[in-house]
Amino acid sequence: MFIELKREDARPAYRQIADEVTRAVAVGILKTGESLPSTRDLAKDLKVNVNTVQHAYRTLLQEGVIEMRKGLGAFVAAPSRDARHKPASVARQIAERALREAFRHGLLASDLIAALEEIAPRARKS
C-alpha cells in the first residue's frame, strides 16, 4: 500500500491516512472508480485499529474524495465540479505540513521557500 504512517507526525493516524489517500488521488496514483482496501485489510497492513481506518474513510467520504458502494466498499469518487480548486487546497495542506516540519527542525519559512525555489523545475522562457 502507498500509505506510511509516521509516529513523529503531529497529525492523528486517521488524518495521515486520509491525507495520503487524498494525495494519491491528486497525483494520479489512485484513479476514479478504483477500489480502496477494506478497512480491516488496511488496518492490518498499517498495524492500527480498524476504527482508525473507518474514521479516515468517513473523513474522505465527507471531503468527497471517496464514495461508499453498499456491499462493495470504498472507491475513489469522480472529481466534483469544483475540482479545479482542489490542487490549490492540496498544495496548501502540503505546505502547512512542510512548514510545521521545518519549524520542528529550527528552520524559517524563508529557508523552506529558498529550498523549494532551488529544487523546483524552472519554467523555460521562449
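Residues numbered from 1 in each chain as written. Predicted model: local features only at pLDDT ≥ 70, side-chain atom pairs only at ≥ 80, totals over all residues. Heavy atoms only, no water.

Chemist: Please set out unusual backbone geometry residue by residue, giving values where relevant.
Modeler: Here the phi dihedral of Lys47 falls at roughly 60 degrees; this positive angle occurs in a residue that is not glycine. Relative to the helices and strands, Lys47 resides in the loop between α2 (39-46) and α3 (50-62). (Helix = DSSP H or I, 4+ residues; strand = E, 2+ residues; numbered from the N terminus.)

Chemist: Please give an account of the pattern of salt bridges that cites residues and values.
Modeler: Taken as a whole and assessed by the stated rule, the structure comprises seven salt bridges. Residue Arg11 pairs with Asp9 through a salt bridge whose shortest N-O separation is 2.6 Å. For Arg11, a relative accessible area of 13% gives the class buried. Arg69 is the partner of Glu67 in a salt bridge, and the nearest nitrogen-oxygen pair spans 2.9 Å. A relative accessible area of 29% places Glu67 in the partly exposed class. (Salt bridge = Lys/Arg side-chain N within 4 Å of Asp/Glu carboxyl O. Buried < 20%, exposed > 50% of the residue type's maximum accessible area, 1.4 Å probe, protein only.)

Chemist: Give a description of the nonpolar core that names residues and reports values.
Modeler: In summary, soluble globular proteins display a tendency toward joint burial of nonpolar side chains. With 20 residues, the main nonpolar core has Ile17 and Tyr57 as its most contacted residues. Of all the secondary-structure elements, those providing two or more residues to this core are α1 (13-26), α2, α3 and β2 (73-76). Sequence-distant contacts of Tyr57, that is, excluding residues within four places in its chain, are made with Leu36, Pro37, Ser38, Thr39, Leu42, Ile66 and Ala74. (Core = buried A, V, L, I, M, F, W, Y, C linked by side-chain atoms within 4.5 Å. Contact = heavy atoms within 4.5 Å.)

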